[in-house]
Amino acid sequence: MTRVRIDLFASLDGYTSAGQTPDHPMGEDWGRLTTAWAATRTFHERVFGDTSGAGTTGVDDSYAAAHFEGIGAEIMGAAMFGLHTFPDDPDWRGWWGDRPPFGTPVYVLTHTAPRPSIPMPGGTTFHFRNTAVADVLAEATEAAGGRDVRVGGGVGTARAFLRAGLVDHLHVMIAPVLLGRGARLWDDLSGLERTHKVTTEVAESGTVHVTFAR
Ligand SMILES: NC(=O)c1ccc[n+]([C@@H]2O[C@H](COP(=O)([O-])OP(=O)(O)OC[C@H]3O[C@@H](n4cnc5c(N)ncnc54)[C@H](OP(=O)(O)O)[C@@H]3O)[C@@H](O)[C@H]2O)c1
């Protein structure tokens, strides 16, 4: 059965990276949150295409490997795709270059004027939708063909799906850093531990992997 999955990064004080610029597509603090993730062997292989065996192989890597498995469609917000940073570019194709790493349909939520879908090498097709989260989820679930749907971000979109009770599996990687600024991850999510089973694992890097699953 299709599950709705989210993987997010947060700091010990509950912030996520915010404030995108052309030089910092995921916000200035993104690197501090994702150091351990980007060091994994899986990340080297799947994102850099590096098959030399470089990268860490411990707890962080096992979560990274799970992240890439079994996804049939992705949903993201306009900011994560880059429409807020490049609002005047009708040909913007996202931050991920000519061969985005998704390999699935990706539904981009946006209130801006309709754009045609963009098929990319490697199996990713970006579709643009102005619709309620439950409706885009229904379309993504159909497209996923029995595999899982990931809500990739950004934080606002992920939190909208969480508040709507639509998420089956939330995995948060809490990096051992204090940001003191950014978007708040946990606000308005009181009681999530009542509807989902919480598990926690600490990686060698000091990253705390917290999973809420139902
Ligand atoms: N911590 C993490 O793990 C993580 C992961 C990914 C991203 N991020 C961060 O998230 C930040 C971006 O997140 P964000 O919260 O600013 O924005 P976002 O969630 O990427 O996008 C929000 C925007 O999407 C559009 N949208 C959302 N729901 C919609 C709906 N139902 N119908 C139509 N349009 C809809 C709206 O844009 P319009 O009205 O302009 O169309 C809305 O302002 C970045 O700084 C990035 O670093 C963090």
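Predicted, not measured: the structure shown is a model, and the values here were computed from it.

Student: So what's going on with the overall build of the chain? Residues and values would help.
Tutor: For the chain, the count of helices and strands is 7 helices and 11 strands. Taking 2.2 N^0.38 as the reference for a compact globule, 214 residues should give roughly 17 Å; the C-alpha atoms of the chain span a radius of gyration of 17 Å, in line with that estimate. Across the 214 residues in the chain, those meeting the buried criterion constitute 46%. By sequence separation, contacts in the chain at least 24 residues apart represent 65% of the contacts at least 6 residues apart. For the chain, the exposed area adds up to about 10400 Å²; of that, 53% sits on carbon and sulfur atoms. Positive and negative side-chain charges in the chain, numbering 18 and 25 respectively, have mean positions lying 4 Å apart.

Student: I'd like a rundown of the pattern of salt bridges, residues and numbers included.
Tutor: Evaluation of the coordinates by the stated rule reveals 11 salt bridges. Between arginine 129 and glutamate 139 there is a salt bridge, with the nearest N and O atoms lying 2.8 Å from each other. Of the two residues, arginine 129 is situated in strand 6 (residues 125-129) and glutamate 139 in helix 5 (residues 133-144); the sequence distance between them amounts to 10 residues. Taking relative accessible area as the criterion, arginine 129 reaches 24% and is therefore assigned partly exposed.

Student: Can you explain helix 5? Please cite residues and give values.
Tutor: The first and last C-alpha atoms of helix 5 sit 16 Å apart over 12 residues, in line with the 16 Å expected at 1.5 Å per residue. Contacts from the buried residues of helix 5 go to strand 1 (4-11), strand 3 (71-77), strand 4 (105-109), strand 6, strand 7 (148-153) and helix 6 (155-163). One or two steps after helix 5, the chain reaches glycine 145, where phi turns positive at roughly 55 degrees.

Student: Can you lay out the site of the ligand for me, pointing to particular residues and giving the numbers?
Tutor: Residues in close proximity to the ligand total 25 residues, the closest being Met26, His84, His111, Gly156 and Thr157. A distance of 2.6 Å is found between an oxygen atom of the ligand and a side-chain nitrogen or oxygen belonging to histidine 84. Within the backbone of histidine 111, a nitrogen or oxygen atom sits 2.6 Å from an oxygen atom of the ligand. For the shell around the ligand, the per-class residue count stands at 10 nonpolar, 15 polar and no charged.

Student: Quick rundown of the sheet that holds strand 11 (residues 208-213)? Include the residues and the values.
Tutor: If you trace the 9 strands from one edge of the open sheet to the other, you get 5-6-4-3-7-1-8-11-10, paired in mixed fashion. Whereas interior strands pair on both sides, the edge strands pair on one side only; in this sheet they are strand 5 (118-119) and strand 10 (197-202). The pairing of strand 1 with strand 7 spans 2 bridges and is parallel. Looking at strand 7, one finds that arginine 5 is bridged to arginine 150. Helix 1 (residues 30-38) rests against strand 1 and strand 8 (169-175) of the sheet, and its axis sits at about 115 degrees to strand 1.

Student: Provide a residue-level description of the pairing of strand 4, including the pertinent values.
Tutor: A regular strand places its side chains so that they alternate between the two faces of the sheet. A large share of strand 4 lies buried, amounting to 4 of its 5 residues. With 4 bridges connecting them, strand 3 and strand 4 associate as parallel partners. Following the sheet pairing, glycine 77 is matched in strand 4 by leucine 109. Across 5 bridges, the pairing between strand 4 and strand 6 is parallel. Its bridge partner lying in strand 6, leucine 109 is registered against arginine 129.

Student: Describe unusual backbone geometry, and please don't skip the residues or the numbers.
Tutor: Cis geometry marks the peptide bond from glycine 153 to glycine 154, where omega comes out at -5 degrees. Relative to the elements of secondary structure, glycine 154 occurs in the loop between strand 7 and helix 6. One non-glycine residue with positive phi stands out, namely aspartate 188, at about 70 degrees. Examined against the element boundaries, aspartate 188 turns out to sit in the loop between strand 9 (183-184) and helix 7 (192-195).

Thresholds applied
Residues numbered from 1 in each chain as written. Predicted model: local features only at pLDDT ≥ 70, side-chain atom pairs only at ≥ 80, totals over all residues. Heavy atoms only, no water. Helix = DSSP H or I, 4+ residues; strand = E, 2+ residues; numbered from the N terminus. Rg over C-alpha atoms; globule rule 2.2 N^0.38 Å. Buried < 20%, exposed > 50% of the residue type's maximum accessible area, 1.4 Å probe, protein only. Contact = heavy atoms within 4.5 Å. Areas by Shrake-Rupley, 256 points an atom, 1.4 Å probe, with all protein chains shown as cover. Lys, Arg positive; Asp, Glu negative; His and termini not counted. Charge placed at Lys NZ, Arg CZ, Asp CG, Glu CD. Salt bridge = Lys/Arg side-chain N within 4 Å of Asp/Glu carboxyl O. Expected span 1.5 Å × (residues − 1). Near = heavy atom within 4 Å. Polar contact = N/O pair within 3.5 Å; in protein donor to acceptor, adjacent residues only side chain to side chain. Nonpolar A, V, L, I, M, F, W, Y, C, P; charged D, E, K, R; others polar. Pairing = 2+ DSSP bridges. Axes fitted to C-alpha atoms, helices over the stretch in contact; angles between N-to-C directions.

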